[in-house]
Amino acid sequence: MRGSRTSHLAILARAIGIPTVMGILDFPWQQMDGQELIVDGYQGRVYTNPPERLRKRFASIIAEEEALNREFEKLRDEPCETKDSYRLPLWVNTGLMTDVFRSLDRGAEGVGLYRSEVPFQLNERFPSEEEQRQIYREQLQAFHPLPVTMRTLDIGGDKPLSYFPITEDNPYLGWRGIRVSLDHPEIFLVQIRGMLKASAGLNNLRIMLPMITSISEINTAITLIHRAHEELLEDKLDIKLPAIGVMIEIPATVYQIREIARLVDFLSVGSNDLTQYLLAVDRNNPRVAKLYQSFHPALLRALDWIAKECHKEGKMVSVCGEMAGDPCAAVLLMAMGYDMLSMNANNIPRVKSVIRNIRLEDARNIHANVMKMTSTAEITDYVENTLEKLGINPRFIKGQNIH
Ligand code: PEP
Ligand code: MG
């Protein structure tokens, strides 16, 4: 597949549970027809016409995975709680309807990110207000009474709409997310009305704004949401104003985090984009995939700062990028004080299992040591080795079958 680990294609593959290898350059696609392949998403390798020895090895890895999944089923109704009784709520990221069933099966405690652009991408034109209302209602109803965080349309970057082409030299620095919504308030308002109407009688909706750069964007978006809400009240619809939050994805917002926190009800770090913008590494470019590092000391410092500053304003803050579903990163994020982690359904049991097998105190020690380190490699080795020493299954620590 083209792209890298945090491309949207990889995120969808992970959600569906398909082993995937991203960013193979010069792959001879045409010669693959009819050939047997093994896709090793853990190591990032594809084997063509594998010999018997290799087949056996992978058959035993698959059997091991199945056994693990059976173990995971037992965890479904157990709380995500450390050995010293610290609760860390695990929520889920959704977009496809199949995610809903998977999430409920895995014991998600809410939806931390519903990617509303996914149904738009599956359509051939902008869905009408009523069509959107029905799609959103299904999500809200399926999880009710659990909260569902609906992100407003986040197109652009590597999320095109066939019927709304955007051509730019630098799509990641261009017309994305809230920028499109605020330039087209008619599209935004239809979406907000669809969400608000869908929440009638359920009241479990939270609205989240993507790709925020400035305070003025937040103020404008909130004004529009209030306007849509008031119009519905005038139409005699009994709809509660939902909690409104923003995504922290752009470095500028890290430096204005307290002012932002004062304006909203909650914040969620989109670590996929924050990583790409902080490190100046295109999340889709396989040539620089090695430089896209969740454990870069600068990124960890930013994440630590964000959590602390949000709490000074008494606001709940979570992480909903792919990092939240990585057990090693989850341990660090818990120690930093993140109130909740939101991830694809397949990662919930893995993360829960690791959290249930350590103490908050262990996590805080790991975090304190990590904050003194200066290189990604040093941090990665240290976290993985320490968790292994604490008795965590190495299979949980490494990989998500997407490379
Ligand atoms: C993120 O950027 O971390 C995020 C969750 O949003 P997306 O991956 O959809 O850009
Ligand atoms: Mg993003």
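Notes on the structure in this doc start here. (Residues numbered from 1 in each chain as written. Chains lettered and ligands numbered in written order. Predicted model: local features only at pLDDT ≥ 70, side-chain atom pairs only at ≥ 80, totals over all residues. Heavy atoms only, no water.)

### Observations regarding the overall build of the chain
In terms of regular secondary structure, the chain is built from 17 helices and ten strands. Rg of the C-alpha trace for the chain: 21 Å, near the compact-globule value of 22 Å for 403 residues, within the 12% margin. With the principal axes as the frame, the chain shows a C-alpha extent of 70 × 55 × 40 Å. For the chain, long-range pairs separated by at least 24 residues make up 68% of all intrachain contacts whose partners lie at least 6 apart in sequence. Put simply, the chain shows about 18,000 Å² of open surface, and 51% of that area lies on carbon and sulfur atoms. The chain carries 47 positive and 52 negative side-chain charges, and their two centres are separated by 4 Å. (Helix = DSSP H or I, 4+ residues; strand = E, 2+ residues; numbered from the N terminus. Rg over C-alpha atoms; globule rule 2.2 N^0.38 Å. Contact = heavy atoms within 4.5 Å. Areas by Shrake-Rupley, 256 points an atom, 1.4 Å probe, with all protein chains shown as cover. Lys, Arg positive; Asp, Glu negative; His and termini not counted. Charge placed at Lys NZ, Arg CZ, Asp CG, Glu CD.)

### Some details on the pairing of strand S6 (residues 205–209)
Successive side chains on a regular strand alternate, one facing one side of the sheet and the next facing the other. The element S6 is extensively covered by neighbouring structure, given that five of its five residues are classed as buried. Burial along S6 is two-sided: Leu-205, Ile-207 and Leu-209 facing one way and Arg-206 and Met-208 facing the other are all buried. In this sheet, S6 lies alongside strand S5 (residues 148–151) in parallel orientation, the contact comprising four bridges. Considered in S6, the bridge of Thr-149 is made with Arg-206. Handedness of the β-α-β unit built from S6, helix H8 (residues 215–234) and strand S7 (residues 243–248) comes out right-handed. (Buried < 20%, exposed > 50% of the residue type's maximum accessible area, 1.4 Å probe, protein only. Pairing = 2+ DSSP bridges. Right-handed = clockwise from strand over helix to strand, strands pointing away.)

### Description of the packing of helix H13 (residues 327–336) against helix H16 (residues 376–389)
Where H13 meets H16, the closest approach of the two axes is 10 Å, and the angle between their N-to-C directions is 90 degrees. When the axis of H13 is compared with that of H16, the two are roughly perpendicular. Contact residues: H13 offers Cys-328, Val-331 and Leu-332, while H16 offers Val-383, Glu-384 and Leu-387. In terms of residue class, the contact of H13 with H16 is made up of five nonpolar, no polar and one charged. (Axes fitted to C-alpha atoms, helices over the stretch in contact; angles between N-to-C directions. Parallel < 35°, antiparallel > 145°, perpendicular 65-115°, else oblique. Nonpolar A, V, L, I, M, F, W, Y, C, P; charged D, E, K, R; others polar.)

### As for the side chain of Ser-318
Looking at where Ser-318 falls in the secondary structure, it is placed in strand S9 (residues 316–319). At 3.0 Å, the side chain of Ser-318 forms a polar contact with the side chain of Ser-268. Once you skip the residues sitting within four places of it in the chain, Ser-318 turns out to touch Leu-267, Ser-268, Val-269, Tyr-338 and Met-340. (Polar contact = N/O pair within 3.5 Å; in protein donor to acceptor, adjacent residues only side chain to side chain.)

### Some points on the site of ligand 1
Taken together, 17 residues sit near ligand 1, with Arg-151, Glu-249, Gly-270, Asn-272 and Arg-283 positioned nearest. Here Arg-115 contributes a side-chain N or O atom positioned 2.9 Å from an oxygen atom of ligand 1. Only helix H1 (8–16), strand S4 (111–115) and helix H11 (271–279) provide two or more residues apiece to the shell around ligand 1. Ranked by residue count, the leading element in the shell around ligand 1 is H11, at three residues. For the shell around ligand 1, the class distribution of residues is four nonpolar, five polar and eight charged. (Near = heavy atom within 4 Å.)

### With respect to the coordination of the magnesium ion (ligand 2)
Glu-249 (OE) and Asp-273 (OD) make up the full set of protein donors to the magnesium ion (ligand 2), lying at 2.0 to 2.1 Å. Remark: Asp-273 occurs in helix H11 and Glu-249 occurs in the loop between S7 and helix H9 (251–255); sequence separation between them is 24 residues. Accessibility assignment for this pair places Glu-249 and Asp-273 in one class, buried. (Donors = N, O, S within 2.8 Å, 3.2 Å for Na, K, Ca; no water.)

### Some thoughts on the sheet that holds S5
If you trace the eight strands once around the closed barrel, you get S3-S4-S5-S6-S7-S8-S9-S10, paired in parallel fashion. Strand-to-strand twist across the sheet, computed as the mean angle between neighbouring axes with direction ignored, equals 25 degrees.

### Examining the packing of aromatic side chains
Here the structure, examined in full by the defined rule, presents five aromatic pairs. Taking the centre distance of 6.1 Å and the plane angle of 75 degrees together, the rings of Phe-120 and Phe-126 count as edge-to-face. Each member of the aromatic cluster is reached from another via a ring pair, and the members are Phe-120, Phe-126, Tyr-163, Phe-164 and Trp-175. Cation over ring: Arg-206 sits above Phe-266, and NZ or CZ is 3.8 Å from the ring centre. (Phe/Tyr/Trp six-rings, centres within 6.5 Å; stacked < 30°, edge-to-face > 60°. Lys NZ or Arg CZ within 6 Å of the ring centre and 35° of its normal.)

### So, unusual backbone geometry
For the peptide bond that leads from His-144 to Pro-145, omega is 10 degrees, which places it in the cis range. With respect to the secondary-structure elements, Pro-145 resides in the loop between helix H5 (129–143) and S5. A positive phi angle, close to 55 degrees, is found at Asn-203, a residue other than glycine. When you line up the elements, Asn-203 lands in the loop between helix H7 (185–198) and S6. In this structure, Ala-280 is a non-glycine residue whose phi angle is positive, near 55 degrees. In this fold, Ala-280 is placed in the loop between H11 and helix H12 (297–312).

### Remarks on helix H3 (residues 97–105)
What H3 keeps buried is the set Asp-99, Val-100 and Ser-103. Buried residues of H3, viewed axially, fall in a sector of 105 degrees; they line one side. After H3 finishes, the residue Gly-107 shows a positive phi value of roughly 80 degrees. (Arc of directions from axis to C-beta.)

### Considerations on the nonpolar core
Leu-267, Leu-303, Ile-306, Tyr-338 and Leu-341 are the most contacted members of the largest nonpolar core, which has 96 residues in total. The element contributing the most residues to this core is H13, with nine residues. When neighbours within four sequence positions are excluded, Leu-341 is seen to be in contact with Leu-88, Pro-89, Leu-90, Trp-91, Val-319, Ala-324, Ala-330 and Leu-333. (Core = buried A, V, L, I, M, F, W, Y, C linked by side-chain atoms within 4.5 Å.)

Shape is all these values report; function is a separate question.
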